[in-house]
Amino acid sequence: LERGGERESEKGKEARGGMSGREMQGERTKRFVLPQIAPSVAAGTYEPCTFDYELALPDKTPGRKAWTDIFRRAIPQFEKRARLQLIQDASTEKEERAAPSQAASFAKEYGAILDKLEIDPDTVIPGYEADFWRAGGRKGLSCKVMCALRETCLARLGLRDAFRQVKRKENGESLQVLGHIVAEIEALESPEDRMALALRGCFAGNLFDLGAHFSSQKYDAAEEGRKKGGGAGAEEDSFASFKATRENLPARPWLVDCLDSAVAALSSGKFKKAIVFVDNAGSDLICGIFPFCRELLKAGTSVVLAANEKPAINDVTADELLALFTRIEGAPRVRDPLLLRSAESGRLRVVNSGSDQPIIDLSAISADLADEAADADLVVLQGMGRAIESNLNASFASAVLKMGVVKHPEVALCLGGTLGDPICKFEDKATE
């Protein structure tokens, strides 16, 4: 999976199998529409954000209060990760000593922003004007604006990738167990059984999400347990933990459960090209999405992994994803033969989505992604941010799979479910 080069014709890009560098060369301000939602955009019906933050929740909690509280609950985790990253990046003792207060400054400033917006959602805060511009002139709060404000707040304090340390750690550990997961799936005879197990792994992996209080608490508890255990047998423990998480998914039927129809369609070989929007680094990507993509590739579907342009929480970026396929000895990297062959042949590629948020507005993507998606007949959105808090109700002109785990109580309440509920929404245009 190589980067660089100018934009090419569709046939030229397909043959080369690379990711062009146009977005890296100063055209970040230009945004394009994903072709599969172009009809909805043209009709004025595409709305990326699933929930209206101004409406009261089903339990009568005021909308602004409920949704700003989601972001408030995450502040301690962001402050912790920012402090640890600043300490790791410090080049002097002075910088290391300043790390706690610098991280605390983020917590204080972002908390104050949330307080102001809960009172008056149309308040434009100096220094954050561009984040409000993202709303496209709409009034009131939205998930898109709230996420943008948080990332800007971090960046203004010099914290452009507060989760870099934990992403690297989790990628390295997850790569160690990828082979065990692949072997388990490969032991199954039918393509349908393999696809079903791979998809269940996507839901298990999606629980690694440090942007949600529910899942970050689970992660911290697991980390504490590993420290007490002294790290012995870490690889086997990680595999056993992943299997346990997968096996302990809620009993079906799920809150939205199209697993059976998704398995039948995805394993059939009917799709020629899939755009897969990836979510978190670590087990979400490596233990969930990679085995799933292997099954797509085996079914004859070429795969384009779309990842963020810039950091947001513990979401993997395109650069980080490309680095997992490096040939540099000693670096954490993918060693699965099928994934490597597919990357070398161009059947597995990485593209920069143009996003810098944990959700995605598909009417504002990169030129490279728009080019890649032009001939795709399947779109896969993974994770709560991209598939539930945004795009859950969006209409696509192609087949689409939206999958993730509910990790906010407010989201669960609005959808009529509970924390930890999987959502598997599959719409196959060919059978409608």
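Residues numbered from 1 in each chain as written. Predicted model: local features only at pLDDT ≥ 70, side-chain atom pairs only at ≥ 80, totals over all residues. Heavy atoms only, no water.

## So, the overall build of the chain
Thought 1: A count of helices and strands for the chain gives 17 helices and 7 strands.
Thought 2: With 432 residues in all, the chain has 54% of them scored as buried.
Thought 3: Of the contacts made within the chain by residues no fewer than 6 positions apart, 74% connect residues no fewer than 24 positions apart.
Thought 4: Approximately 17700 Å² of the chain is accessible, and the part contributed by carbon and sulfur atoms is 53%. (Helix = DSSP H or I, 4+ residues; strand = E, 2+ residues; numbered from the N terminus. Buried < 20%, exposed > 50% of the residue type's maximum accessible area, 1.4 Å probe, protein only. Contact = heavy atoms within 4.5 Å. Areas by Shrake-Rupley, 256 points an atom, 1.4 Å probe, with all protein chains shown as cover.)

## Some points on the sheet that holds strand β7 (residues 422-427)
Thought 1: In space, the 7 strands of this open sheet follow the order β1-β7-β6-β5-β2-β3-β4, with mixed pairing throughout. At either end of the open sheet lies a strand with only one pairing partner, and these are β1 (256-257) and β4 (348-352).
Thought 2: Summarising the sheet, strand β2 (residues 273-277) and strand β5 (residues 378-382) pair through 4 bridges and their orientation is parallel. When the sheet's bridge partners are listed, A274 is paired in β5 with L378.
Thought 3: Sitting on the sheet, helix α8 (residues 191-205) is in contact with β5, β6 (399-405) and β7, with an inclination near 45 degrees to β6.
Thought 4: Where helix α12 (residues 283-298) meets the sheet, it contacts β2, β3 (302-307), β4, β5 and β6, and its direction lies at approximately 155 degrees from that of β3. (Pairing = 2+ DSSP bridges. Axes fitted to C-alpha atoms, helices over the stretch in contact; angles between N-to-C directions.)

## Points about the packing of aromatic side chains
Each pair of aromatic rings is reported with the distance of its centres and the angle of its planes.
Thought 1: A full pass over the atoms with the stated rule returns 7 aromatic pairs.
Thought 2: Seen from their ring centres, Y53 and W67 are 4.7 Å apart, and the 5 degrees between their planes marks the pair as stacked. Residue Y53 is found in the loop between α2 (38-43) and α3 (63-89), and its partner W67 is found in helix α3; the two are separated by 14 residues along the sequence.
Thought 3: By relative accessible area, Y53 is classed as buried at 2%. (Phe/Tyr/Trp six-rings, centres within 6.5 Å; stacked < 30°, edge-to-face > 60°.)

## Examining empty space enclosed by the protein
Thought 1: Scanning the entire structure with this criterion turns up 2 cavities of 30 Å³ or more.
Thought 2: For the second largest cavity, the calculated volume is near 50 Å³.
Thought 3: Lining the second largest cavity we find F78, E151, L154, L159, R160, D161, A162, F163, P311, A312 and I313.
Thought 4: Looking at the lining of the second largest cavity residue by residue, the class counts come to 8 nonpolar, no polar and 3 charged. (1 Å grid on protein atoms, 1.4 Å probe; cavity = no way out; pocket = protein on both sides within 12 Å on 5 of 7 lines; lining within 4 Å. Points joined across faces, edges and corners; volume = space filled by probe spheres on them. Nonpolar A, V, L, I, M, F, W, Y, C, P; charged D, E, K, R; others polar.)

## Some remarks on the pairing of β4
Remember that side chains alternate between the two faces of the sheet whenever the strand is regular.
Thought 1: Taking burial as the measure, the 5 residues of β4 include 5 buried ones, the bulk of the element.
Thought 2: Inspection of the sheet shows β3 paired to β4 by 5 bridges, in the parallel sense. By the bridge assignment, A307 is partnered in β4 with N352.

## Some remarks on unusual backbone geometry
Thought 1: Of note, the bond from R252 into P253 is cis; its omega dihedral lies within 30 degrees of zero at 0 degrees.
Thought 2: With respect to the element layout, P253 can be found in the loop between α10 (234-247) and β1.
Thought 3: A positive phi angle, close to 80 degrees, is found at K60, a residue other than glycine.
Thought 4: Tracing the backbone shows K60 in the loop between α2 and α3.
Thought 5: Given the relative accessible area of 68%, K60 is considered exposed.

## Side note on the confidence of the model for the chain
Thought 1: Per-chain confidence: the chain averages 88 in pLDDT, with 85% of residues scoring 70 or above.
Thought 2: Low pLDDT, under 50, characterises residues 2-29; the predicted model gives this stretch 61 contacts beyond four residues in sequence or across chains. (pLDDT = per-residue confidence, 0-100.)

## Some remarks on the pattern of salt bridges
Thought 1: Tallied over the full model, the rule gives 30 salt bridges.
Thought 2: Put simply, D361 and K144 hold a salt bridge, and the shortest N to O gap is 2.8 Å. In this pair, D361 is assigned in the loop between β4 and α15 (367-373) and K144 in helix α6 (residues 143-156), connecting sequence segments 217 residues apart.
Thought 3: D361 gets classed as buried once you look at its relative accessible area, which sits at 14%.
Thought 4: Given a relative accessible area of 14%, K144 falls into the buried group. (Salt bridge = Lys/Arg side-chain N within 4 Å of Asp/Glu carboxyl O.)

## Looking at the nonpolar core
A general trend in soluble globular proteins is that nonpolar side chains are found buried together.
Thought 1: One finds F290, F292 and L305 to be the most contacted residues of the largest nonpolar core, which totals 58 residues.
Thought 2: Looking at this core, the element that brings in the most residues is α12, giving 9 residues.
Thought 3: If we ignore the near neighbours within four places in the chain, the residues touching L305 are V276, V278, I289, F290, C293, L321, L348, R349, V350 and V351.
Thought 4: Among the nonpolar cores identified, the runner-up in size contains 46 residues, and I70, A74, V166 and A412 belong to it. (Core = buried A, V, L, I, M, F, W, Y, C linked by side-chain atoms within 4.5 Å.)

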